[in-house]
Amino acid sequence: MAAGVTMDEKDIAVEEWKQLQTIIGRFDTLEFQIRGWLLVLLGVLLTALFSEKAQLKPSAFGLIGMFAVAAFCSMELTTRRPKRIAIIRAYDVEKAIRQNAQFDSPRIAYSFSNSPKATIWDILAEFKIAHVWTFYVLLFSIILAIWLIRR
């Protein structure tokens, strides 16, 4: 009997890959929502700062805005860890399907439950990705500039 994947094993692997893509998509949606809520919050702060009857002092705007950016950034970084696990698992499944190799599948729950616990350094490693840090650094810079101008 030739080594390789039987049709049933391949179908299972393809189904696992589809489920992993769904998981990754849900984390993408969550990241988009986190950023959206941050922009809403910053919009409210800007309205309070620039309204005719300013309800917010520039120092409070700067402090709240910078704290909000840091808090929402940490939320996104935290959600990126399980997304990274799903991406790595999807890569492994794709590789096995492409190479028609023996493959232990399905293992979605195993991948998530047996991954090492995330350390602060694992979470911060996600910040190396340009589309993550550029958004937050840009917002932080804008808040800082507005605070400095309005002081």
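The structure under discussion appears in the preceding block.
Reading the values: rules and limits
- Residues numbered from 1 in each chain as written.
- Predicted model: local features only at pLDDT ≥ 70, side-chain atom pairs only at ≥ 80, totals over all residues.
- Heavy atoms only, no water.
- Helix = DSSP H or I, 4+ residues; strand = E, 2+ residues; numbered from the N terminus.
- Rg over C-alpha atoms; globule rule 2.2 N^0.38 Å.
- Buried < 20%, exposed > 50% of the residue type's maximum accessible area, 1.4 Å probe, protein only.
- Salt bridge = Lys/Arg side-chain N within 4 Å of Asp/Glu carboxyl O.
- Phe/Tyr/Trp six-rings, centres within 6.5 Å; stacked < 30°, edge-to-face > 60°.
- Lys NZ or Arg CZ within 6 Å of the ring centre and 35° of its normal.
- Polar contact = N/O pair within 3.5 Å; in protein donor to acceptor, adjacent residues only side chain to side chain.
- Contact = heavy atoms within 4.5 Å.
- Core = buried A, V, L, I, M, F, W, Y, C linked by side-chain atoms within 4.5 Å.
- Patch = residues over 30% accessible without salt bridge, like charges linked within 9 Å, V, L, I, M, F, W, Y side chains within 5 Å.
- Areas by Shrake-Rupley, 256 points an atom, 1.4 Å probe, with all protein chains shown as cover.
- Axes fitted to C-alpha atoms, helices over the stretch in contact; angles between N-to-C directions.
- Parallel < 35°, antiparallel > 145°, perpendicular 65-115°, else oblique.
- Nonpolar A, V, L, I, M, F, W, Y, C, P; charged D, E, K, R; others polar.

S.K.: When you look at the overall build of the protein chain in this model, what are you seeing that I'm missing?
M.R.: Looking only at helices and strands, one finds five helices and zero strands in the protein chain. Expected size for 151 residues packed as a compact globule is a radius of gyration near 15 Å; at 22 Å, the protein chain overshoots this value by more than 25%. Judged by the C-alpha coordinates and their principal axes, the protein chain covers about 80 × 25 × 25 Å. Counting across all 151 residues of the protein chain, residues that qualify as buried make up 31%.

S.K.: Is there a simple way to think about the pattern of salt bridges in this case?
M.R.: Two side chains of opposite charge can pair, provided their charged atoms sit close to one another. The full count for this structure, using the stated rule, is seven salt bridges. Across the salt bridge formed by E76 and R35, the nearest N and O atoms sit 2.9 Å from each other. One end of the pair, E76, is in helix 2 (residues 58-99); the other, R35, is in helix 1 (residues 7-50), and 41 residues separate them in sequence. Among the residues examined, R35 registers a relative accessible area of 16% and is labelled buried. The closest approach of N and O atoms between R84 and E126, which form a salt bridge, is 3.0 Å. With R84 in helix 2 and E126 in the loop between helix 4 (120-125) and helix 5 (130-150), this residue pair connects regions lying 42 residues apart in the sequence. Residue classification places R84 among the partly exposed residues on the basis of a relative accessible area of 24%. Because the salt bridges share partners, they merge into one network encompassing D28, E31, R80, K83, R84 and E126.

S.K.: In this structure, what is going on with the packing of aromatic side chains? I would like to understand it.
M.R.: We describe a pair of aromatic rings using the distance from one ring centre to the other and the angle between the two ring planes. Counted by the stated rule, this structure contains one aromatic pair. An angle of 85° between the planes, with centres 5.0 Å apart, marks the rings of F135 and Y136 as edge-to-face. You'll find F135 and Y136 in the same group, each marked buried. Just above the ring of W147 sits the side chain of R151; from NZ or CZ to the centre is 5.1 Å.

S.K.: Looking at this structure, I do not really get the side chain of E126. What am I missing?
M.R.: Given a relative accessible area of 6%, E126 falls into the buried group. For E126, the side chain forms a polar contact with the side chain of R80, separated by 3.3 Å. Polar contacts involving the side chain of E126 include one to the side chain of R84, which spans 3.0 Å. The residues touching E126, leaving out its near neighbours within four places in the chain, are L77, R80, R84 and V132.

S.K.: I tried to follow the nonpolar core on my own but got confused; where do I start?
M.R.: Generally speaking, nonpolar side chains in soluble globular proteins are found buried as a group. Counting residues in each nonpolar core, the largest one holds 20 residues, and the members touching the most others are L38, L42, F61, V69 and Y136. Residue assignment for this core shows that the elements contributing at least two residues are helix 1, helix 2 and helix 5. Top contributing element to this core by residue count: helix 2, with seven residues. Residues contacting F61, with those up to four places away along its chain left out, are L45, L46, L49, L56, I143, I146 and W147. Grouped together as the second largest cluster of nonpolar side chains are seven residues, L20, I24, A86 and A90 included.

S.K.: Which parts of the structure should I look at to understand a nonpolar patch on the surface?
M.R.: On the surface, W37, V40 and V44 cluster together into a nonpolar patch covering about 330 Å² of accessible area. Under the relative-accessibility criterion, V40 is labelled partly exposed at 45%.

S.K.: I keep staring at the packing of helix 2 against helix 5 and nothing clicks. Help me out?
M.R.: Relative placement of two packed helices is described by the angle separating their axes and the distance separating the axes. Between helix 2 and helix 5, the least distance of the axes is 9 Å, while the angle of their chain directions is 175°. Between helix 2 and helix 5, the interaxial angle falls into the category roughly antiparallel. Here P58, S59, F61, G62, G65, M66, V69, F72, C73, E76, L77 and R80 of helix 2 come into contact with helix 5, specifically with H131, V132, Y136, L139, F140, I143, L144, I146, W147 and R150. In terms of residue class, the contact of helix 2 with helix 5 is built from 15 nonpolar, four polar and three charged.

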